[in-house]
Structure formats: structure tokens, C-alpha cells
Amino acid sequence: MFKKITSNKSESSIWKEIGNEFSRYTVHLRRCVRSKLSTYPKQVFMFMVLCIVISICFFFMLPRQKEVKMGKNAKLSAPIADGVGNIFGSISDLKEVLELQAVLEEISKKDNLDKQDSMILIQIKDRLLSLENHNAKDSITKD
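As the structure is a computational prediction, the values presented were derived from the model and not from experiment. (Residues numbered from 1 in each chain as written. Predicted model: local features only at pLDDT ≥ 70, side-chain atom pairs only at ≥ 80, totals over all residues. Heavy atoms only, no water.)

All right, on to the overall build of the protein chain then. Counting its secondary structure elements, the protein chain contains six helices and zero strands. Relative to its 143 residues, the protein chain shows a buried fraction of 5%. Total accessible area on the protein chain stands at roughly 14,100 Å², and carbon and sulfur atoms take up 63% of it. (Helix = DSSP H or I, 4+ residues; strand = E, 2+ residues; numbered from the N terminus. Buried < 20%, exposed > 50% of the residue type's maximum accessible area, 1.4 Å probe, protein only. Areas by Shrake-Rupley, 256 points an atom, 1.4 Å probe, with all protein chains shown as cover.)

A few words on a nonpolar patch on the surface. Together, Ile14, Trp15, Ile18, Phe22 and Tyr25 line one region of the surface with nonpolar side chains, adding up to about 620 Å² of accessible area. Per-element tally for the nonpolar patch: the top contributor is helix α1 (residues 14–21), with three residues. Turning to its location among the elements, Phe22 is positioned in the loop between α1 and α2 (23–39). Note on Phe22: relative accessible area 45%, which makes it partly exposed. (Patch = residues over 30% accessible without salt bridge, like charges linked within 9 Å, V, L, I, M, F, W, Y side chains within 5 Å. Salt bridge = Lys/Arg side-chain N within 4 Å of Asp/Glu carboxyl O.)

Before going further, it helps to spend a moment on the environment of Ser38. Secondary-structure assignment places Ser38 in helix α2. What makes Ser38 exposed here is its relative accessible area of 55%. From its side chain, Ser38 meets the backbone oxygen of Ser35 in a polar contact 3.1 Å long. (Polar contact = N/O pair within 3.5 Å; in protein donor to acceptor, adjacent residues only side chain to side chain.)

Turning our eyes to something else, we now look at the pattern of salt bridges. One pass over the full model with this rule turns up two salt bridges. Arg127 is paired through a salt bridge with Glu96; the nearest N and O atoms lie 2.5 Å apart. Of this pair, Arg127 sits in helix α6 (residues 115–142) while Glu96 sits in helix α5 (residues 83–108), and the two are 31 residues apart along the sequence. When its relative accessible area of 34% is taken as the criterion, Arg127 is described as partly exposed. A salt bridge links Asp117 to Lys110; its shortest N-O distance comes to 3.2 Å.

All told, the structure shown has two aromatic pairs when counted by the stated rule. Ring geometry for Phe22 against Tyr25: centres 6.4 Å apart, planes inclined by 40°, an arrangement best described as tilted. Overall, the relative accessible area of 52% leaves Tyr25 in the exposed class. Ring geometry for Phe59 against Phe60: centres 4.9 Å apart, planes inclined by 80°, an arrangement best described as edge-to-face. A single burial state applies to Phe59 and to Phe60, both of which are exposed. (Phe/Tyr/Trp six-rings, centres within 6.5 Å; stacked < 30°, edge-to-face > 60°.)

Now the structure itself:
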């Protein structure tokens, strides 16, 4: 059913084929670089050392740029920086509100409420108010 194709050489790879395709361009470049390196080895070495020294001088001599504090744009970039954290916080708050609503619905379906149910309702009310105040403070600080 499956026959091995014998025309494909197992020695060839994609890199060899790319090398064969562009070899006429790279051979000339290799010859030129090798001839320059063999003709002027001291100059090439001195050029490399000079580049390293200049790089070290720039590293130590040039002053570092200080971070500029944003005035008006800080309000615009703050939501972007805090965006992911705020999204996850809002999702967790929404999930908590939905859970509290489910508990509230279960209690409201009862015919008679006892002391424990009243305490649970008070705790739910307090928690909803604290979530509302927390979200209101966040929206005030963003403005």
C-alpha cells in the first residue's frame, strides 16, 4: 500500500536546500569577508576593541533618563495599568452579589422567618452596602 519514494535523498534537509539556492550570493560574501580579515587582522581587532571601549564609555558617562511623572495623563493611564486587576475584582464582586441574591431568594421563599433568618438578612444587607461603598470609592478615585 505504501511504498518508499526512492527519488528523495535522505541526506538533504531544508537548510541544505536553502544553502544550495542562495550559495551563489553567500560564496562571494564569504570570500570578501575572509580576504579582508586575512589582509587586515590588526585593524579589525583594533576596531572591535574600540567599539567595546566606546560602548563602556557610553554606559558610564551618559546620564540615565529619569522617569517623567505624568500630570494630566496619569488619570488616563491608571485605568489601563489597573485594568486587569479591576476586571477580576469586579467579576469576584459580581459573583458574590449573585450568591447573596440566591441566599436571599431562598430565605424569601420561606413562609415563616426565625431569628437566624433575620440575622442572615441583616448580614446580606450589610455586605451589599459594603460592596456598594467599595465600588463607589473606586469610581470616585478614578475620576
